[in-house]
Amino acid sequence: MITKAQLLESIDDLPEEFEREDVIERLLIIDKYNKGIQQINERKTMPIDQFKKEFESWRRSR
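A. Examining the packing of aromatic side chains more closely. Using the criterion set out here, one finds two aromatic pairs in the structure. Ring centres of phenylalanine 51 and phenylalanine 55 lie 5.9 Å apart, and the angle between their planes is 20°; this geometry places the pair in the stacked category. One end of the pair is phenylalanine 51 and the other is phenylalanine 55, both in helix H3 (residues 48–60) and four residues apart, which spans about a single turn. Assessed through its relative accessible area of 38%, phenylalanine 55 is described here as partly exposed. Ring geometry for phenylalanine 55 against tryptophan 58: centres 5.7 Å apart, planes inclined by 35°, an arrangement best described as tilted. Residue phenylalanine 55 and its partner tryptophan 58 are located together in helix H3, separated by three residues, close to a single helical turn. Among the aromatic residues, those joined into a ring-pair cluster are Phe51, Phe55 and Trp58.

Calculation notes
- Residues numbered from 1 in each chain as written.
- Predicted model: local features only at pLDDT ≥ 70, side-chain atom pairs only at ≥ 80, totals over all residues.
- Heavy atoms only, no water.
- Phe/Tyr/Trp six-rings, centres within 6.5 Å; stacked < 30°, edge-to-face > 60°.
- Helix = DSSP H or I, 4+ residues; strand = E, 2+ residues; numbered from the N terminus.
- Buried < 20%, exposed > 50% of the residue type's maximum accessible area, 1.4 Å probe, protein only.

None of this, on its own, says anything about what the molecule does.
As structure tokens, then:
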């Protein structure tokens, strides 16, 4: 979820003229960031060592 403060800050950072895609892109980035923080807080992340092993395994299989 995006807060009103995050939305207003994001809009304030835009130039006077912008494309609507710029706003959508910023909102998506904020949303993904917030979801990532939520996953960290809920301990739904993968330890870096495990990630490296799985990534290396995936890369070799390609």
